[in-house]
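One letter stands for each residue in the lines below.
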Amino acid sequence: MTKLALDGLGPVGVTLDVRADGGHLDDAALLEDLGYSALWVVGGQLATLDPLRDVVRATGAVPVGSAIIPAQVYSPADVVALRRDVEAVDPGRLITGLGGAHGARPLRTMNAFLDELDAADPPVPADSRVLSALGPRMLELARDRAAGALPLLVTPEFTAQARQVLGAEAKLIVMEYVVLDEDPQRARDAAREPISFLSRVGGYPQNLRRMGFTDEDIAQTSDRMIDGLVAWGDVDAVAARVGRHLEAGADQVVLVVQPTGSDASLQAQWRALAKALIP
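Reading guide: rules and limits
Residues numbered from 1 in each chain as written. Predicted model: local features only at pLDDT ≥ 70, side-chain atom pairs only at ≥ 80, totals over all residues. Heavy atoms only, no water. Helix = DSSP H or I, 4+ residues; strand = E, 2+ residues; numbered from the N terminus. Rg over C-alpha atoms; globule rule 2.2 N^0.38 Å. Buried < 20%, exposed > 50% of the residue type's maximum accessible area, 1.4 Å probe, protein only. Areas by Shrake-Rupley, 256 points an atom, 1.4 Å probe, with all protein chains shown as cover. Lys, Arg positive; Asp, Glu negative; His and termini not counted. Charge placed at Lys NZ, Arg CZ, Asp CG, Glu CD. Polar contact = N/O pair within 3.5 Å; in protein donor to acceptor, adjacent residues only side chain to side chain. Pairing = 2+ DSSP bridges. Axes fitted to C-alpha atoms, helices over the stretch in contact; angles between N-to-C directions. Parallel < 35°, antiparallel > 145°, perpendicular 65-115°, else oblique. Left-handed = near helix turned anticlockwise from the far one by under 90°. Contact = heavy atoms within 4.5 Å. Nonpolar A, V, L, I, M, F, W, Y, C, P; charged D, E, K, R; others polar. Salt bridge = Lys/Arg side-chain N within 4 Å of Asp/Glu carboxyl O.

Turning to the overall build of the protein, a few remarks are in order. Along its length, the protein carries 12 helices and 10 strands. For 279 residues, the compact-globule formula gives about 19 Å, and the C-alpha radius of gyration of the protein, at 18 Å, lands near that figure. With the C-alpha coordinates of the protein rotated into their principal frame, the extents come out at 50 × 40 × 35 Å. Burial statistics for the protein: of 279 residues in total, 56% are counted as buried. When the accessible surface of the protein is split by element, carbon and sulfur atoms take 50% of a total near 12,000 Å². In the protein, 26 side chains carry a positive charge and 38 a negative one; their mean positions are 5 Å apart.

Next comes the structure, spelled out in structure tokens:
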């Protein structure tokens, strides 16, 4: 039986933005060489699923996940075709990260999507997929109909609560924004744009309120909210935040490294973080 990518998932993953001008395949090979436990492909709404195939083919063995395939953009048939193509060449390496059910009935939408994945020939098995989940009911769905949850914009306290909902067996993969810069203003400015955008989308505002942030925090993308959601500072500060998520019950923390006004390239930051976080 093929070993699945989620079996024995390591503690530190990293995102790979495929909106870059082709250099992301070289970056994928670099990140695998640096020892990251999984590569999570991001890129807005993922204008095409082809980069997921390409990243798998550009690497040797590292698990590759989608973060995320949005249900309002792609059909179950698209997801089935992606998995079939990848499995034919590199079995067991693709993690299907799903989300984006932001309509009036997100649970019903996601359940129907999963029904079609289950009924496909071949199916996209539950133990190869994770759901972008924030609220308690979506976390329960991730526990019951997937291998686990892939939340973004959360605190370590949320991680502990999510682990309680998921139970001991389901995977909890936490995406953590990282700014490797010790200057408070520069670090917060680097995080503010992506945080402010996401905090107005789908279920994020409601979950931010559940975590104790105020409407004013959300509207202004306050320093308090950024400090609660983003690991910024030197590598030791980032390592401490990653450690808090792992201690709270995360199986993996995915580094979403944000470029800053500093002189360090993104590749240099990936190297520094790998040296500090990966044994």
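Having seen the model, we can carry on.
Looking at the secondary structure, you find T48 in the loop between β2 (39-42) and α2 (50-58). A polar atom in the side chain of T48 sits 3.1 Å from the backbone nitrogen of D50.

Where burial is concerned, the two faces of β2 agree: the one with L39 and V41 and the one with W40 and V42 are both buried. Pairing geometry for strand β1 (residues 12-17) and β2, over four bridges, is parallel. When the bridges of β2 are listed, D17 appears paired with V42. With three bridges connecting them, β2 and strand β3 (residues 64-66) associate as parallel partners. Looking at the pairing, W40 lines up with G65 of β3.

The interhelical angle for the contact between helix α5 (residues 136-145) and helix α6 (residues 156-166), taken along N-to-C directions, is 50 degrees, at an axis separation of 9 Å. In terms of their interaxial angle, α5 and α6 are classed as oblique. Every pair of crossing elements has a handedness; the one defined by α5 and α6 is right-handed. Contacts between α5 and α6 involve P136, L139, E140, A142 and R143 on the former and, on the latter, F158, A162, V165 and L166. Each residue belonging to the contact of α5 with α6 can be placed in one class, and the counts come to seven nonpolar, no polar and two charged.

Looking now at unusual backbone geometry. Note that the residue after A67, namely I68, is joined by a cis bond; omega there is 5 degrees. Within the secondary structure, I68 sits in the loop between β3 and β4 (69-70). Note the cis peptide between D121 and P122, where omega equals 0 degrees. The phi dihedral of L153 is positive, around 60 degrees, even though this residue is not glycine. On the secondary structure map, L153 appears in the loop between β7 (148-149) and α6. At T221, a position not held by glycine, the phi torsion is positive, near 45 degrees. With respect to the helices, strands and loops of the structure, T221 is situated in the loop between α9 (215-220) and α10 (223-229).

Moving on, we get to the side chain of E176. Among the secondary structure elements, E176 is positioned in strand β8 (residues 171-179). Engagement of the side chain of E176 in a polar contact is seen with the side chain of R241, the distance being 3.2 Å.

In this section: the pattern of salt bridges. Counting across every chain of the model gives 19 salt bridges. Put simply, R244 and E157 hold a salt bridge, and the shortest N to O gap is 2.9 Å. Within this pair, whereas R244 is found in helix α11 (residues 235-248), its partner E157 is found in helix α6, the two being separated by 87 residues in sequence. In this structure, R192 and D189 form a salt bridge, with 3.3 Å as the shortest nitrogen-oxygen distance. Here D189 and R192 lie together in helix α7 (residues 184-198), a separation of three residues that amounts to about one turn. On the accessibility criterion, D189 (41% relative accessible area) is partly exposed.

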